[in-house]
Amino acid sequence: MMIHTRHYQSVRRLVHRSIAHGRTSTPSPSCLRRTSTTSVVGGDSGGGMTIYNSLSSAYQKLNHYHQDDSKNHPITENNHPNPPSSPILGTAWYVCGPTVYDSAHLGHGRTYVSLDILRRVALSLHDSGSSSSTPRPIYVMNITDVDDKIIQRTMDISDYDNGGAIEKLSNPLSLARYYEMEFWQDMDSLNVLRPDVVCRVSEHVEQTIIPYIEMILEGGMAYVIPEEDGGDGEKDCIGDDGSAPQQRGSVYFDVRAFEYVTKGRTKYGKLAPDVASSDFFSWDESNNNNGSSNNNSNNDEGESPNQVQKKRDPRDFCLWKYRSQSAPISSSSSSSIDNSPPMIEPAIVSYSSPWGPGRPGWHVECSAMIQRLSVDFQSTHKFQLHAGGIDLKFPHHSNEIAQAEAFHEAVMKMNVNNGNERKLEEWIPNWIHTGHLYVKGRKMSKSLKNFVTIREMLGSSSDNSNEGVEMTASHQNQYTAWSCPSDDFRLWCLGLSGSYRGPATYSTDRMEEARVIRTKWVKFLIEGQQCLDKWQAAAYNCGDGATDSSSSQSTKVWGADDLQLFNQVTQSRMKCHDALVGRCTKNHDGSSRGSFDLDGASFVKELSKLADSGLGYVQRTATHKPHPEEPLRFTLETFRRQLDLVGFTSYTVRAGISTDETQTLEHASLSNSTMLDEIVAFRSAVRSATLKGLRSKDTTAAANEVLELCDKLRDDILPSLGVELVDG
């Protein structure tokens, strides 16, 4: 196999840097087999949270450190013994980021908020654990900025004037940067922590991805489908020393060769659906003779009919997409019937390679970049967790694993040939997948036009005409003094949408339920803080309302109510911890009965119980003097810490804590401006409902909606502000 000399040194550097440090993360024969046993990261010792591993289909502990045994091998490449101690490495998480060709919708939002909660729990466990001196877990996310969808979207935008946006979005990378910026702004709005490391595909093609593909080719587990388009790209296949060119065309992963080379130590499709429920693996040679392809094959990358027919196996997938000089761009999102003239892919996303100009296939990006980062961070961290949406589980994540194992098999072969055989390790052992988001029984999707963007949900857009999602004026304007749609959405993701691993159905009613729950929490924090401030002012003869006799009324003696509240808070804190960390049970029969991972529903339920008890305590004791403030302070601080731990914004966490010393809180009302805000919101809702009825000529429906708004004002909004309105 001839390797293009332009990239030869890149291949060698990529491989030798890994070999020299023993950190190729290469699958060993014993690790490549998929088993039902539970592999524990960093041991089963304290502090780790429980996850459900999609790869092993088992609950297991995910600790925040890893004992690096790869350097504890008796022989190095120079035949010198390694140091006796093995370093303790931090855990690295890799999360599949967005393909930035359009605005992010709530399906993306649920995935990244859920993963953000898991990340925050892991960071908290690390910082509070006995191994807090070890490196903190790091969070890596990729940005796919070279892709069919981005190219197609650029061409679509060029067909119409978008208010002057054409010039800014007229090439794929400019469009990708625009939507990448929007994505980060959306994540900030949802209070999702920024990644520690971000890797863009466009910045890793030449030095990382092309050498990675070459190594798989050299290992005999990929092949080239030749292209003869009469273009001018011949120079892109010729070596710097004038050597003969390789075949021009697209490069495909060879699944059959992969399984043959690995000799039964692994197989393709580790995250694929159960074979018994799919005909994916039943394809045979006869399918290829007539040019047909299995519906379950890896035909998700805009392949030409020529490429589909020449694939050796329908499971084969593209590693390198050749930039044809004559064929039109095709996309999985575009119609198969296209009478438009041929268009050449933009040169800005075409890269020189040993196989001619082109760009990476989608699946190879993450595997290659993870390999690069594994080497870059080898002295401090090791990749132990890979996460993403359930729609990526197969084929994308299955293909990632196959590529990584093929790459490391090729590296292992080179290592052995160099006389340097050593113990090798498996690739990323833990996988987490978040569930689909549905609207009215259908998956939220741009193609179905039933999606809601993150910005629309947060109220940044006035366009609420999304087909399939009804957003009434009542839902749009029911904002109380403590309105924070971002926190409502986080509460829904955490405790009202079911397990983060399962499907969830989005509706404005469910978001309203989240708003009501969070409003009760904030009401407790505000009234509790107000009560605490008054007690402190009275006890130490300072602040408004203090009297000369206040100090003589001060006491630190706890009563029955105080002890009861303290005990409940202590129990609730333990239950909240258990709900976030989960439980990994290994029974004598080998089962994991009783195990669970993040249980957001129980966490939310426990906080709600605590808020109800705390509010009842405040209402019973607020007028009783003297009274110790410590039980209430302990309750408020505990409650705020729990909210902060799972990522609620300061708007919720610090509710009731005045940032302006000139302002004081009066009973349940925040301020006069709060009342004005609610009146303005009510007027806007009534006006919107009335205009809607006039346009549709359905005055009955409009009248009913206005009456509903009036009832909402009387029953929910005004009472939350300390005002009781009685009809008649």
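The model shown is predicted, which means the values in this text are computed figures rather than measured ones. Counting starts from 1 at the beginning of each chain's written sequence and moves along it residue by residue. Under the rules for a predicted model, residues below a pLDDT of 70 receive no local features and side-chain atom pairs below 80 are neither given nor counted, while totals for whole chains, interfaces and linings still include all residues. Computation of side-chain values: all heavy atoms of the structure, hydrogens and water removed.

Chemist: How do you make sense of the overall build of the protein chain when you look at a structure like this?
Modeler: Helical segments are the DSSP runs of H or I of at least four residues, strand segments are the runs of E of at least two, and each set is numbered from the N terminus. Within the protein chain one finds 21 helices and 15 strands. Whether a residue is buried, partly exposed or exposed follows from its accessible area with a 1.4 Å probe, protein chains only, as a fraction of its type maximum: under 20%, in between, or over 50%, in that order. The 728 residues of the protein chain split such that 53% are buried. The contact rule is simple, with two residues in contact once any of their heavy atoms fall within 4.5 Å. Considering only residue pairs separated by 6 or more positions, the protein chain has 77% of its internal contacts joining residues 24 or more positions apart. In the form shown here, the protein chain has an accessible surface area of approximately 32,400 Å², with 50% of it arising from carbon and sulfur atoms. Working definition of accessibility: Shrake-Rupley area with a 1.4 Å probe, residue cover restricted to the visible protein chains.

Chemist: What exactly am I supposed to notice about the confidence of the model for the protein chain here?
Modeler: Low-pLDDT portions of the prediction should not be read for the details of their coordinates. For the protein chain, mean pLDDT is 79; residues scoring 70 or higher make up 70% of the total. pLDDT runs from 0 to 100 and stands for how confident the predictor is about each residue. Taken as a whole, residues 660-671 scores under 50 in pLDDT and shows 20 contacts with residues more than four places along the chain or in a different chain.

Chemist: Where do I start with helix H14 (residues 485-496) in this structure?
Modeler: Since the α-helix advances by 3.6 residues per turn, residues separated by three or four positions end up pointing in the same direction. For H14, the tally of buried residues reaches twelve of twelve residues, placing the bulk of the element in the interior. Looking at H14, one finds that the buried residues are Pro485, Ser486, Asp487, Asp488, Phe489, Arg490, Leu491, Trp492, Cys493, Leu494, Gly495 and Leu496. In the stretch just after H14, Gly498 is the one whose phi turns positive, near 80°.

Chemist: Is there a simple way to explain the pattern of salt bridges in this structure?
Modeler: Opposite charge on two side chains permits them to pair, given that their charged atoms come into close proximity. Any carboxyl oxygen of Asp or Glu that lies within 4 Å of a side-chain nitrogen of Lys or Arg is treated as forming a salt bridge with it. Here the structure, examined in full by the defined rule, presents 33 salt bridges. The partner of Arg256 in a salt bridge is Asp313, and the shortest N-O contact between them spans 3.1 Å. Placement of the pair is Arg256 in helix H7 (residues 255-261) and Asp313 in the loop between helix H9 (305-310) and strand S9 (318-322), with a sequence separation of 57 residues. With a relative accessible area of 37%, Arg256 lands in the partly exposed category.

Chemist: Sorry, what's going on with the packing of aromatic side chains here?
Modeler: Both the distance between ring centres and the angle between the ring planes are used here to describe each pair of aromatic rings. Two aromatic rings from Phe, Tyr or Trp, using only the six-membered ring of Trp, form a pair when their centres are within 6.5 Å; if the ring planes differ by under 30 degrees the pair is stacked, by over 60 it is edge-to-face, and anything between is tilted. A full pass over the atoms with the stated rule returns 20 aromatic pairs. Look at Tyr94 and Phe383: their rings are 6.4 Å apart centre to centre, the planes differ by 65°, and that puts the pair in the edge-to-face class. Taken as a pair, Tyr94 in strand S4 (residues 88-95) and Phe383 in strand S11 (residues 381-389) lie far apart in primary sequence, 289 residues in all. This pair shows no difference in class: Tyr94 is buried, exactly as Phe383 is. On the basis of an interplanar angle of 50° and a centroid distance of 6.1 Å, the ring pair of Trp427 and Trp431 is categorised as tilted. With relative accessibility at 8%, the residue Trp427 sits in the buried group. Residue classification places Trp431 among the buried positions, given a relative accessible area of 0%. One aromatic cluster is present, formed by Phe253, Phe258, Tyr268 and Phe317 through successive ring pairs.

Chemist: Help me understand the sheet that holds strand S8 (residues 249-253) in this model?
Modeler: The pairing of strands in a sheet happens through backbone hydrogen bonds and is either parallel or antiparallel. Within the open sheet, the four strands sit side by side as S7-S8-S9-S10. Their pairing is antiparallel. Pairing within the sheet leaves two strands with one partner each, and these edge strands are strand S7 (222-226) and strand S10 (358-360). When the angles between neighbouring strand axes are averaged without regard to direction, this sheet yields 20°. As defined by bridge partners, S7 adjoins S8 across five bridges and the pair is classed as antiparallel. Note that in S8 the partner of Pro226 across the bridge is Gly249. Pairing between strands requires that DSSP locate at least two bridges from one strand to the other. To get an axis, a line is fitted to the C-alpha atoms, and for a helix only the part in contact is used. The angle between two axes follows their N-to-C directions and goes from 0 to 180 degrees.

Chemist: Teacher, can you tell me more about the sheet that holds strand S14 (residues 442-443) here?
Modeler: Ordered in space as S14-S13-S15, the three strands form an open sheet in which the pairing is mixed. This sheet does not close on itself; its edge strands, each paired only once, are S14 and strand S15 (504-505). Bridge count for strand S13 (residues 437-439) against S14 is two bridges, and the pairing is antiparallel. Each residue of the ladder has a partner; that of Val439, found in S14, is Arg442.

Chemist: Would you mind showing me how to read the pairing of strand S2 (residues 58-62) here?
Modeler: Regular strands place their side chains on alternate faces of the sheet. Across the five residues that make up S2, a large majority, five, are buried. Pairing of strand S1 (residues 49-53) with S2, which is carried by five bridges, proceeds in the antiparallel orientation. From the neighbouring strand, Tyr52 faces S2, where its bridge partner is Tyr59. Linking two consecutive strands that pair antiparallel, namely S1 and S2, is a turn of four residues; a positive phi of about 50° is found at Ser57 within it.

Chemist: What is the right way to look at the packing of helix H3 (residues 106-128) against H14 in this model?
Modeler: When two helices pack together, their arrangement is given by the angle between the helix axes and the distance between those axes. Between H3 and H14, the shortest axis-to-axis distance is 10 Å and the interhelical angle comes to 75°. Taken together, H3 and H14 sit at an angle that is classed as roughly perpendicular. Within the contact between the two elements, H3 uses Leu106, Gly109, Arg110, Val113, Ser114, Asp116, Ile117 and Arg120 and H14 uses Phe489, Arg490, Trp492, Cys493 and Leu494. Of the residues assigned to the contact of H3 with H14, the class counts are seven nonpolar, two polar and four charged. We call two directions roughly parallel when the angle between them is under 35 degrees, roughly antiparallel when it is over 145, roughly perpendicular when it lies between 65 and 115, and oblique otherwise. Each residue receives one of three labels: charged for Asp, Glu, Lys and Arg, nonpolar for Ala, Val, Leu, Ile, Met, Phe, Trp, Tyr, Cys and Pro, and polar for the others, Gly being one of them.

Chemist: How should the packing of helix H16 (residues 560-581) against helix H17 (residues 600-621) be read in this particular structure?
Modeler: Where H16 meets H17, the axes come as close as 9 Å, and the angle between the chain directions of the two elements is 165°. With respect to each other, H16 and H17 are oriented roughly antiparallel. Handedness of the crossing formed by H16 with H17: left-handed. Counted together, Asp561, Asp562, Leu565, Gln568, Val569, Ser572, Lys575, Cys576, Ala579 and Leu580 of H16 and Ser602, Phe603, Glu606, Leu607, Lys609, Leu610, Ser613, Gly614, Tyr617, Arg620 and Thr621 of H17 form the full contact between these two elements. Left-handed is the label given to a crossing in which the near helix is rotated counterclockwise from the far helix by less than a right angle, and right-handed is the label when the rotation is clockwise.

Chemist: I'm lost on the nonpolar core in this one. Help?
Modeler: Here is a general trend for soluble globular proteins: nonpolar side chains tend to be buried in one another's company. Within the largest apolar cluster, 86 residues are counted, with the highest numbers of intra-cluster contacts made by Met49, Trp492, Tyr506 and Trp521. Counting residues per element, this core draws most heavily on helix H15 (residues 508-539), which supplies eleven residues. Contacts of Trp492, omitting those with residues within four sequence positions, involve Arg110, Leu437, Ser497, Ala504, Thr505, Tyr506, Arg510, Met511 and Ala514. What makes a nonpolar core is a set of buried Ala, Val, Leu, Ile, Met, Phe, Trp, Tyr and Cys residues whose side-chain atoms join them at distances within 4.5 Å. Formed by 55 residues, the second largest nonpolar core is a distinct cluster that contains Tyr212, Met221, Leu373 and Ala404.

Chemist: Quick question: what am I supposed to make of unusual backbone geometry here?
Modeler: Trans peptide bonds make up the majority, and among non-glycine residues the majority have a negative phi. The peptide bond linking Phe394 to Pro395 adopts the cis configuration, its omega dihedral lying at 10°. Positioned with a positive phi, Asn191 is a non-glycine residue whose angle comes to about 60°. Of the residues examined, Asn191 reaches a relative accessible area of 24% and is grouped as partly exposed. Within the chain, Lys263 stands out as a residue other than glycine whose phi angle is a positive 55°. Tracing the chain through its elements places Lys263 in the loop between H7 and helix H8 (285-289).

Chemist: How should I be thinking about the side chain of Arg640 in this particular structure?
Modeler: One can find Arg640 in helix H18 (residues 630-645). Although Arg640 is buried, it forms no salt bridge, and the closest oppositely charged side chain is Glu637 at an N-O distance of 7.8 Å. A distance of 3.1 Å separates the side chain of Arg640 from the side chain of Gln529, its partner in a polar contact. What Arg640 contacts, discounting residues up to four positions off in sequence, is Leu525, Gln529, Val653, Arg654, Ala655 and Ile657. Residues counted as positive are Lys and Arg, residues counted as negative are Asp and Glu, and His and the chain ends are not counted. Pairs of N or O atoms are called polar contacts if they sit within 3.5 Å, as long as, within protein, a hydrogen donor faces a hydrogen acceptor (for residues adjacent in sequence, only side-chain-to-side-chain pairs).

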